[in-house]
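Residue-level structural notes
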Amino acid sequence: MSAPLRRVAERTPPGRDRHIDLLRAVAIVLVVLGHWLAVVVTYRGRIGGDTVLAFVPWARPLTWLFQVMPVFFLVGGFAGAASLGSYQRRGGDAIGWFLCRTDRLIRPTTAFLLALGGAALIALLLGADPATVGMGVWLACLPLWFLIAYVTVVLLTPVLLALHRRAGLAVPAVFAVAVAFGDAARLLGGPGMIGAANYLLAWAAVYQLGIAWREGALSARPRVAVPMIVGGLGALVLLTVPGPYPVSMVTDPGARLQNTSPPTLALLALAVAQTGVALLLHERGGRMLRRTRPWTAVVAANSVIMTVFLWHMTAVVIAVLALYVTGLLPQPPPGSAAWLLLRVPWLAFLTATLAVLVAVFARFERRAFKRRAFERRGGPRPASGPGRAGASTFAATVAGAGLVVAGLLGTALTGAEGLSAPRLPVHFAVFFAVYFAGAALLWAARSWHRRVTS
């Protein structure tokens, strides 16, 4: 481990819950491995592909192990409540906290989109097929779906925290009921917009569980954790086996209903079970991370976690060009013994490619990471009194966050089939411009807020 990261690890505040950081690091590993293992690539003069679930039905229950996006939102709610409380105790306000919190998300995302847009433009100028370029950009942009929901719930953290202090665990319960109504609307053929609300409601419910954990409403004790595990898994089995939901917790081409687009009640049941597991392992994880070496490893992983997440599907795009288009990797039937054996060199190449991408682009995330570590040690902090964000800063922050979310949404909605030659550059130019306008507004709001609170 590098000396700077070791120093950051050694200066960790004694009150920090290290188990939360471990959960985040484990979750990112499982997400990356799950995506890499699920991809099936075909090349017959033209790049194609699908998910392994289209060929290997027995893999559907395995998605219960690899679908750990709920853990991200659980951890996000816990960490968000903790950092907001700490920020406010130092005299800061909610707007200043949001601007600091999203800096760690926006910096690496901006670098990612700039590099991706530049690569797509160069490919088009060199005469690449626009549909193929569109498919590559769509695949690389898959991680952006997470950011769309996550930035939104982070912005809503002060409201969600206030709701918890007023109503406790009733808040995620109400969100879950609303998700069930959205599911019913989809199952009964109702308006699609009702079900689309689940993109926010479901992830907000999981985020709220993290807030409840931090605030003490969920105790890290077996008497709380075990019923959540048993109840969550029991509900998941009932909802998926005899119930109307598919077993797969990721996109399944053969299913009429999907559990992630938008999130469903079945996914919330899995989230409850995962929350129980996180609570049950809390004490053991905390004991292990009191040792310097494992804790430094977790700190190192968390210092590049957004970079890893953003770029892991770009590694797949590079691997497709390097291994399949060139014919270096054979294409046996998906799910066969030969195909399973070839997952080993596939994963090895992806790991090496991602390591190079992280080495190049992690600097953007680590810059924000080091700033936050510095501030936790007593560096620049928001002042009280006249340093409160004014109406203009508030408006710029909300508008900036809205434009960022809109730009990410438009980019992610490209579609696997790509776009026609005239539309592709225009499409990405528009939504990249929307995103960068939002990022610029957030940067301006952050600079203004820093000046008026210093």
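Residue numbers restart at each chain and count upward from 1, following the sequence in its written direction. Owing to the predicted nature of the model, reporting of local features is limited to residues with pLDDT of at least 70; listing and counting of side-chain atom pairs is limited to 80 or more, with chain, interface and lining totals taken over all residues. Hydrogens and waters are ignored; side-chain quantities use all the structure's heavy atoms.

**Examining helix 15 (residues 292-303)**
Note on conventions: DSSP H or I runs of at least 4 residues are helices, E runs of at least 2 residues are strands, and numbering of each starts at the N terminus. The span one expects for a helix is its residue count, reduced by one, times 1.5 Å. For helix 15, built from 12 residues, the straight-helix expectation of 16 Å at 1.5 Å per residue is met to within 8% by its first-to-last C-alpha distance of 16 Å. Type-normalised accessible area, obtained with a 1.4 Å probe on protein chains alone, sets the label of each residue: buried when under 20%, exposed when over 50%, and partly exposed for intermediate values. Turning to helix 15, its buried residues number three or more, namely Pro-294, Trp-295, Thr-296, Val-298, Val-299, Ala-300, Asn-302 and Ser-303.

**Things to note about the confidence of the model for the protein chain**
pLDDT is a per-residue confidence score from the predictor, ranging from 0 to 100. For the protein chain, mean pLDDT is 87; residues scoring 70 or higher make up 91% of the total. Should any heavy atoms of two residues lie within 4.5 Å, those residues are considered in contact. In this model, residues 373-389 is a region of pLDDT below 50 whose contacts with residues beyond four sequence positions or in other chains number 29 contacts.

**Observations concerning the pairing of strand 2 (residues 47-51)**
Strands were regarded as paired on the criterion that DSSP finds at least two bridges between them. As paired elements, strand 1 (residues 39-43) and strand 2 share five bridges and run antiparallel to each other. Across the sheet, residue Tyr-43 finds its bridge partner in strand 2, namely Ile-47.

**Structural notes on the environment of Phe-428**
Relative to the elements of secondary structure, Phe-428 occurs in helix 19 (residues 423-452). What makes Phe-428 buried here is its relative accessible area of 9%. Distance in space between the C-alpha atoms of Phe-428 and Thr-411 is 6.5 Å, their sequence separation being 17 residues.

**Things to note about helix 18 (residues 391-412)**
Its 22 residues place the ends of helix 18 31 Å apart at the C-alpha level, agreeing with the 32 Å of an ideal helix rising 1.5 Å per residue. For helix 18, the full list of buried residues reads Thr-393, Ala-396, Thr-397, Gly-400, Ala-401, Val-404, Val-405, Gly-407, Leu-408, Gly-410, Thr-411 and Ala-412.

**Re the environment of Leu-408**
Position of Leu-408 relative to the elements: it lies in helix 18. Residue Leu-408 is classed as buried on the basis of its relative accessible area, which comes to 1%. Expressed as a C-alpha distance, the spacing of Leu-408 and Phe-436, which sit 28 residues apart in the sequence, is 10.0 Å. Among all residues touching Leu-408, those that are not within four sequence positions of it are Thr-109, Leu-113, Leu-144, Leu-147, Ile-148 and Tyr-435.

**Quick look at a nonpolar patch on the surface**
Patch definition: residues with relative accessible area over 30% and no salt bridge; like charges joined within 9 Å; nonpolar side chains (Val, Leu, Ile, Met, Phe, Trp, Tyr) joined within 5 Å. With residues, only the protein chains shown are counted as cover, and all accessible areas are computed by Shrake-Rupley using a 1.4 Å probe. Definition used for salt bridges: Asp or Glu carboxyl oxygen within 4 Å of a side-chain nitrogen of Lys or Arg. Together, Val-226, Val-230, Val-277, Leu-280 and Leu-281 give the surface a local cluster of nonpolar side chains, amounting to about 380 Å² of exposed area. For the nonpolar patch, the secondary-structure elements that each account for two or more residues are helix 12 (222-240) and helix 13 (265-280). Look at Val-277 and you get partly exposed, because its relative accessible area is 37%.

**Details of the packing of aromatic side chains**
Classification of ring pairs rests on two measures: the distance between centres of Phe, Tyr or Trp rings, Trp counted by its six-membered ring, which must be within 6.5 Å, and the angle between planes, read as stacked under 30 degrees, edge-to-face over 60 and tilted in between. Under the defined criterion, the tally for this structure stands at 15 aromatic pairs. For the pair Phe-73 and Trp-203, a centre-to-centre distance of 4.5 Å together with 15° between the ring planes defines the contact as stacked. Of this pair, Phe-73 sits in helix 4 (residues 69-89) while Trp-203 sits in helix 11 (residues 198-214), and the two are 130 residues apart along the sequence. Of the two residues, Phe-73 and Trp-203, neither departs from the other in class, the shared state being buried. Note on Tyr-324 and Trp-346: the rings are 5.8 Å apart at their centroids and 70° apart in plane angle, and the pair reads as edge-to-face. In this pair, Tyr-324 is assigned in helix 16 (residues 305-324) and Trp-346 in helix 17 (residues 337-376), connecting sequence segments 22 residues apart. Classification of Tyr-324 by relative accessible area gives buried; the value is 5%. Overall, the relative accessible area of 0% leaves Trp-346 in the buried class.

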